[in-house]
Amino acid sequence: MTVDIQGVDESEAFNFFGLGGCNEVGRSCHIIEYKNKVIMLDAGIHPALSGHASFPFYDEYDLSKVDILLISHFHLDHAGSLPYVMQHTNFKGKVFMTHATKAVYRWLLQDFVRVTSIGGENRSEGGGGSTDGSSNLYTDDDIMNSFDRIETIDYHSTIEFDGIRFTAFHAGHVLGACMYFIEIGGLKVLFTGDFSREENRHLHAAEIPPTRPDILISESTFGTGTLEPLPELEKRLTQNIHATLTKGGRVLMPVFALGNAQELLLILDEYWSQHEDLQNINIYYASSLAKKCMAVYQTYTSVMNDNIRLSSANSGQKSSPFDFKFIKSIKDVSKFQDFGPSVVVASPGMLQGGISRQLLERWSPDPKNLVVMTGFSVEGTMAKELLKEPHTIQSFVNPELTIPRRINVQDISFAAHVDFQQNTSFIEKVNPSKIILVHGDSVPMGRLKSALLSKYSSRKGTDQEVRVYNPKNCEELKIGIKGIKIAKVLGSLAEEQLIELKKVIEKTIPETNPKIEEIEEMDIDKSKEEVKENAGPIKTGQLLSGVLVAKDFDLNLLQLQDLHEYTQLSTSIVKSKINLKINADISLMKWHLEQMFGYINIINDDEEEWECVVMDIVDIFVDRKKLDALYITVEWINDNLMADSLADSIVAILYSIDSSPASVKLSSNSHNHSHSHVKVENGNGEISLLDKPAHANSEITSRIHRISSLLEAQFGESLQSQGENKAIIKFGKNEAKIDYLSLSVECASKVLRDRIENIIKRGCSLAAPLSQYQKTV
Ligand SMILES: [Zn+2]
Ligand SMILES: [Zn+2]
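All of the points below concern the structure found in this document.

The rules behind the values
Residues numbered from 1 in each chain as written. Chains lettered and ligands numbered in written order. Predicted model: local features only at pLDDT ≥ 70, side-chain atom pairs only at ≥ 80, totals over all residues. Heavy atoms only, no water. Helix = DSSP H or I, 4+ residues; strand = E, 2+ residues; numbered from the N terminus. Buried < 20%, exposed > 50% of the residue type's maximum accessible area, 1.4 Å probe, protein only. Contact = heavy atoms within 4.5 Å. Donors = N, O, S within 2.8 Å, 3.2 Å for Na, K, Ca; no water. Tetrahedral: all angles 85-135°; square planar, octahedral: opposite > 155°, others 65-115°. Pairing = 2+ DSSP bridges. Axes fitted to C-alpha atoms, helices over the stretch in contact; angles between N-to-C directions. Expected span 1.5 Å × (residues − 1). Core = buried A, V, L, I, M, F, W, Y, C linked by side-chain atoms within 4.5 Å. Salt bridge = Lys/Arg side-chain N within 4 Å of Asp/Glu carboxyl O. Phe/Tyr/Trp six-rings, centres within 6.5 Å; stacked < 30°, edge-to-face > 60°. Parallel < 35°, antiparallel > 145°, perpendicular 65-115°, else oblique. Left-handed = near helix turned anticlockwise from the far one by under 90°. Nonpolar A, V, L, I, M, F, W, Y, C, P; charged D, E, K, R; others polar.

**With respect to the overall build of the chain**
A count of helices and strands for the chain gives 21 helices and 38 strands. Across the 777 residues in the chain, those meeting the buried criterion constitute 51%. Within the chain, counting contacts between residues at least 6 apart in sequence, those at least 24 apart form 66% of the total.

**Section: the coordination of the zinc ion (ligand 2)**
Surrounding the zinc ion (ligand 2) are the protein donor atoms Asp77 (OD), His78 (NE2), Asp194 (OD) and His439 (NE2), which sit 2.1 to 2.2 Å from the metal. One way to put it: the 4 donor atoms around the zinc ion (ligand 2) meet at angles of 87 to 164°, and that makes the site irregular. The sequence pattern describing where the donors of the zinc ion (ligand 2) fall on their chain is D-H-x115-D-x244-H. Separating the zinc ion (ligand 2) and the zinc ion (ligand 1) is a distance of 3.3 Å, and Asp194 donates to both of them. Both residues of the pair, Asp77 and His78, count as buried.

**What about the sheet that holds strand E20 (residues 408–411)?**
As summarised here, the arrangement of the 6 strands in space is E15-E14-E16-E13-E17-E20, forming an open sheet in which the pairing is parallel. In this open sheet, the two strands that pair with only one neighbour each are strand E15 (327–330) and E20. In this sheet, neighbouring strand axes are inclined to one another by 20° on average, regardless of whether the strands run parallel or antiparallel. Relative to E20, strand E17 (residues 370–373) is paired through 4 bridges, and the arrangement is parallel. Considered in E20, the bridge of Val371 is made with Val409. Those strands touched by helix H6 (residues 260–274) are strand E13 (251–254), strand E14 (283–286), E15 and strand E16 (343–346), and its axis lies near 165° from that of E14.

**Quick notes on the pairing of strand E29 (residues 609–614)**
In terms of burial, E29 is largely enclosed, as 5 of its 6 residues are buried. Hairpin connection, strand E28 (residues 600–605) to E29: the antiparallel pair is bridged by 3 residues. Sheet topology note: the E29/strand E30 (residues 618–623) ladder contains 6 bridges and is antiparallel. Bridged to Glu609 within E30 is Asp623. Linking two consecutive strands that pair antiparallel, namely E29 and E30, is a turn of 3 residues; a positive phi of about 50° is found at Met615 within it.

**Side note on helix H17 (residues 586–597)**
Taking 1.5 Å of rise per residue, the 12 residues of H17 would be expected to cover 16 Å, and the 16 Å separating its terminal C-alpha atoms lies within 8% of that figure. Counting buried positions along H17 yields 11 of 12 residues, so the element is predominantly enclosed. Inspection of H17 places Ile586, Ser587, Leu588, Met589, Lys590, Trp591, His592, Leu593, Gln595, Met596 and Phe597 among the buried residues, and these make up the whole buried set. Backbone geometry just downstream of H17 places Gly598 in the positive-phi region, at approximately 80°.

**Re unusual backbone geometry**
Of all residues except glycine, most have a negative phi; of all peptide bonds, most are trans. Cis geometry marks the peptide bond from Ser347 to Pro348, where omega comes out at 0°. Checked against the element boundaries, Pro348 lands in the loop between E16 and helix H9 (354–363). One non-glycine residue with positive phi stands out, namely Arg27, at about 45°. Within the secondary structure layout, Arg27 lies in the loop between strand E2 (14–20) and strand E3 (29–34).

**Structural notes on the pairing of strand E4 (residues 37–41)**
Judged by how many residues are buried, E4 sits mostly within the fold: 5 of 5 residues are covered. The side-chain alternation of E4 yields two buried faces, one formed by Lys37, Ile39 and Leu41 and the other by Val38 and Met40. In this sheet, E4 lies alongside E3 in antiparallel orientation, the contact comprising 5 bridges. Pairing of Ile32 across the sheet is with Ile39, part of E4. Here E3 hands over to E4 after 2 residues, with Lys35 in that stretch at a positive phi of 45°.

**Focus: the nonpolar core**
Residues Met40, Tyr58, Leu82, Met253 and Trp272 are the most contacted members of the largest nonpolar core, which totals 101 residues. With sequence-adjacent residues up to four places away left out, Met253 is seen in contact with Leu237, Ile241, Leu264, Leu268, Val343, Val344, Val345, Ala346, Val372 and Thr374. Residues Met596, Leu630, Val651 and Leu710 belong to the second largest nonpolar core, which totals 45 residues.

**Topic: the pattern of salt bridges**
Under the criterion given, the structure shown has 23 salt bridges. Salt-bridge contacts for Asp162 lead to Lys37; the nearest nitrogen and oxygen are separated by 3.4 Å. Here Asp162 is found in the loop between strand E8 (158–161) and strand E9 (164–170), whereas its partner Lys37 is found in strand E4, with 125 residues between them in sequence. The exposure class assigned to Asp162 is partly exposed, which follows from its relative accessible area of 41%. Arg624 is the salt-bridge partner of Asp605, the closest N and O atoms lying 2.6 Å from each other.

**A short note on the packing of aromatic side chains**
For the coordinates displayed, the defined rule picks out 14 aromatic pairs. Here Phe96 and Phe166 contribute two aromatic rings whose centre-to-centre distance is 4.9 Å and whose plane-to-plane angle is 65°, an arrangement assigned as edge-to-face. Here Phe96 is found in strand E6 (residues 94–98), whereas its partner Phe166 is found in strand E9, with 70 residues between them in sequence. With respect to burial, Phe96 and Phe166 carry one shared label: buried. Seen from their ring centres, Phe222 and Phe376 are 5.8 Å apart, and the 80° between their planes marks the pair as edge-to-face.

**Observations regarding the packing of helix H5 (residues 230–246) against H6**
Contact geometry of H5 with H6 gives a least axis separation of 11 Å together with a crossing angle of 60°. By the angle between their directions, the pair H5 and H6 is classed as oblique. Once H5 is placed against H6, the crossing between them reads as right-handed. Only Leu264, Ile267, Leu268, Tyr271 and Trp272 of H6 make contact with H5, whose side of the interface consists of Glu234, Leu237, Thr238, Ile241, His242 and Leu245. Of the residues that constitute the contact of H5 with H6, the class distribution is 8 nonpolar, 2 polar and 1 charged.

The following block contains the structure:
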């Protein structure tokens, strides 16, 4: 596991977990996790491996956690195991790809099932050769049953799902290939898939997304290698083919059925049209998918580049650039008459079986013939082996047999990937701070990593530092992401800012007299220097207050009254209510409350109900129909802490009236408080009348008594007296020391200290009302 979280909370970290395609080319599949969202990128197979071994390491991850699976393009090393994931694992997420990818994917996978070991017994004609005939990992039915659940995305459109936002951009490479720009909770990630920065005959070059990503997940197929420019490649290809045919040889070009095949056909068709001497020689496009592929390519000219779009438009409805003049499509070798020179563009590209392998075996012994490797050759395949120019090759149809290899081998790769120069200039423009390299063999990938690190070495240790990772399959990579939180200001809160700004503009550029809507459109950074200087309300660092609404990962700041309009949320009032029953009467209760709060507002006093409001916040109701005790309801609106703590104190006081030994009781049967008698019950259970104060001889003692009674009413057993003049209140984690003589409070919590000090003040000022009250007795 690689951990690079630099002191950032681990729960905020971005996790990358490669199930395939890490330090290898093949079976691309990467998991990214951020803020509990899980995205899977691609679900390929390894072309050099067969059966279960060709799949990404799906057993190493709980696929039920995946929210979204994004497929970058139809190549089998990116999409070959998708039917398996959707039909035979606990994956429950959504799957997205572009329209063109989806159209091609279906034919390609059906063909794949037919010719490889994935489909087990389903293989036919030129296929076969599986060493594990029983491995029936998915079937045609799996492809069709999952097909309708694949959702599509257009280039440049953004889909938002469950807090994940992603946009597709052109990646070049093959028809339908896209890069995904993904946003999760403010974090931006660009996944390139396979990409090419060079526009060819039919495809756009990969685009630079308009927004800078934090993390780039990039292919690194060619590492630090350099590719020949396209015009030179084309020239080398056509010259080699022309020379071979002139001396009576045959030319085999193994290709992926789709992708660079179409590009090669465009090149050949054009070359033939310019060379009359070649026009009697046939070019065959040999693939079981040939017809379907052509139909798909003709359908999707709209997402191709201008070369194709314009020539499509000019050629009218009857023909398209893919209606080739010199190329014959054939389904299999049985339709192919092998007399004399010809060119065959045949699938599969890696010569793992099928038509291309059959022809290779047939043509291999003749040194006049030529095989051109036009794509990227994966380690472990016949394509890669041929490049080493072996003396013999193994027969695929009859594994016992070795065949002499005298056919010429040329490596003229049209694999539409970026080379070093193209990749580094792409990275420079995209400008990420973290780069994760995937889709490359260890050596070229390692070289690319070193080259990038040395390129950005001057930024090391600065804010601009670029970090590069090349994780292995199943190696967890954790990257710390410093919290990025941006809230949008909406509604009247935003309007206020605009009005302030309008004032500034009017003052500094009086002639403009802008309207509010115009100011909204204005780019303040580009307007007059004085406006910028004086535009106080929109300066950074200014504080705004409002309601912060979080939806998924979007944060909006607005005023309460705008809440419904902008968020469909509504506000409600939360009222709290406490019912209690105490053994006292209204007069005693009123007296206690007045001792504590000075004035209480009695708003109802009739036969049925008595009601008062304390400090305009808390309502107290008494049900007068019940006579055995005081049935009290305390009610308040929970809109601030103040209300809650006030209600708390009231409830504490009410309870203390009949539970506290230091409380004052009114011994009256009457509800008429003007005729009440007051008894003081001291700690020893003795009762004495207040008009003969027990501690009349000592002002201080009586004050201490008053204060401690009030404190006890508020804090109950939390109040512990410490000798005669001191007390401690233990309240939660806090402790307050009270000195009754100096009237000082020592407490670490300001809130608690303030509260105690207020009670002490109240206690000190009680002398007057208390003696007044005594007189009325
Ligand atoms: Zn690819
Ligand atoms: Zn690939």
